[in-house]
Amino acid sequence: YSPDGAHIASGSSDKSIKIWDAVTGNCLKTWTGHTATVRSVAYSPDGAHIASGSSDKSIKIWDAVTGNCLKTWTGHTATVRSVAYSPDGAH
């Protein structure tokens, strides 16, 4: 869930991230950029960003409003199964 409870982010084996309306269940946005299954997604505490981890061995940071990929980290030698923000949102 987004911090305000309005949206849900999901990752899929279709390599996409989807943003859903938490009340209606309607898909609002679909983001692409990973090249394999998206295993984990997490909203930043302020709701401004979403982190994603994938079987493509990368972590991406997305702008939660525009869906633009802001940063990609590579270096894992296997699937990224989990991503998380620090509670204060600094990291």
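First, a word on what this report is: a plain description of the structure on this page.

Reading the values: rules and limits
- Residues numbered from 1 in each chain as written.
- Predicted model: local features only at pLDDT ≥ 70, side-chain atom pairs only at ≥ 80, totals over all residues.
- Heavy atoms only, no water.
- 1 Å grid on protein atoms, 1.4 Å probe; cavity = no way out; pocket = protein on both sides within 12 Å on 5 of 7 lines; lining within 4 Å.
- Points joined across faces, edges and corners; volume = space filled by probe spheres on them.
- Nonpolar A, V, L, I, M, F, W, Y, C, P; charged D, E, K, R; others polar.
- Pairing = 2+ DSSP bridges.
- Helix = DSSP H or I, 4+ residues; strand = E, 2+ residues; numbered from the N terminus.

Observations regarding the layout of surface pockets
Phase 1 of the analysis: The computed volume of the largest pocket comes to approximately 150 Å³.
Phase 2 of the analysis: In terms of lining, the largest pocket is formed by Ser2, Pro3, Asp4, His7, Ile19, Leu28, Lys29, Tyr43, Gly47, Ala64 and Val65.
Phase 3 of the analysis: Its residues placed into classes, the lining of the largest pocket shows six nonpolar, three polar and two charged.

Regarding the pairing of strand S2 (residues 16–21)
Phase 1 of the analysis: Relative to S2, strand S1 (residues 7–11) runs antiparallel, the two being bridged by five bridges. Bridged to His7 within S2 is Asp21.
Phase 2 of the analysis: Here S1 folds back onto S2 in antiparallel fashion, the turn holding four residues, of which Lys15 has a positive phi close to 75°.
Phase 3 of the analysis: One ladder, built from five bridges, connects S2 with strand S3 (residues 27–32); its direction is antiparallel. Within S3, the position partnered with Ile17 by the bridge is Trp31.
Phase 4 of the analysis: From the end of S2 to the start of S3, which pair antiparallel, there are five residues, and Gly25 there has a positive phi angle of about 80°.

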